[in-house]
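Coordinate analysis (summary)
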Amino acid sequence: VTGTAGAYVLTEDLEIAETDTVNIAAGDTLSVDAGYFIGVYGRLNAVGSAVSGITLTSNAGVPAAGDWYGLYVDYNGSVNLAYCTIDYAEYGVYF
């Protein structure tokens with residue numbers, strides 16, 4: 001993951017281990033390169049607010065549906081999403 005505060009780019013699959021927790025802050029944008037996914041085997045918290053949402057989106061110059069795979073949640077994993085938009089993913093959230 002690269003980027004500056006609030007704007008991050010995922011250039012490979014992100015796999016959150018069973019013992020790990022990843023927090024995405026309100027107002028953050030995570031842009032994902034084509035063909036990658038976020039695998040949640042532990043815990044993912046992406047909690048925005050009505051005035052400061054979170055965006056998970058494609059990093060393509062001209063985004064299109066299915067650019068990246070989305071959030072895969074393993075049977076041991078858990079997600080806490082609020083005011084979180086997932087754009088241009090093949091599956092959005094899948095189990």
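So, here is what we can say about the structure in this document. (Residues numbered from 1 in each chain as written. Predicted model: local features only at pLDDT ≥ 70, side-chain atom pairs only at ≥ 80, totals over all residues. Heavy atoms only, no water.)

Re the environment of Glu90
Along the chain, Glu90 turns up in the loop between strand E11 (84–86) and strand E12 (93–94). Sequence separation between Glu90 and Leu71 is 19 residues, and the spatial gap between their C-alpha atoms is 9.6 Å. In this structure, Glu90 is in contact with Gly66, Trp68 and Tyr69, ignoring residues within four places of it in sequence. (Helix = DSSP H or I, 4+ residues; strand = E, 2+ residues; numbered from the N terminus. Contact = heavy atoms within 4.5 Å.)

What to know about the sheet that holds strand E3 (residues 14–16)
With parallel pairing, 4 strands are arranged side by side in an open sheet as E3-E6-E9-E12. The two strands at the open ends of the sheet, each matched to only one other strand, are E3 and E12. Bridge count for strand E9 (residues 70–73) against E12 is 2 bridges, and the pairing is parallel. Paired with Tyr72 across the strands is Tyr94, a residue of E12. (Pairing = 2+ DSSP bridges.)

Some words on the nonpolar core
In terms of nonpolar packing, the biggest core is built from 15 residues, with Ile24, Leu30, Ile38, Val40, Leu44, Leu56 and Trp68 touching the most fellow members. Among the elements of the structure, strand E5 (29–32), strand E6 (37–40), strand E7 (43–47), strand E8 (54–58) and E9 are those that each provide at least two residues to this core. Contacts of Ile24, omitting those with residues within four sequence positions, involve Leu30, Leu44, Asn45, Ala46, Val47, Ile54 and Leu56. (Core = buried A, V, L, I, M, F, W, Y, C linked by side-chain atoms within 4.5 Å. Buried < 20%, exposed > 50% of the residue type's maximum accessible area, 1.4 Å probe, protein only.)

What to know about the pairing of E6
Burial along E6 is two-sided: Phe37 and Gly39 and Ile38 and Val40, pointing in opposite directions, are all buried. Bridge count between E6 and E9: 4 bridges; the pairing is parallel. In the strand pairing of E9, Ile38 is matched with Leu71.

This is a description of form; function is not addressed.
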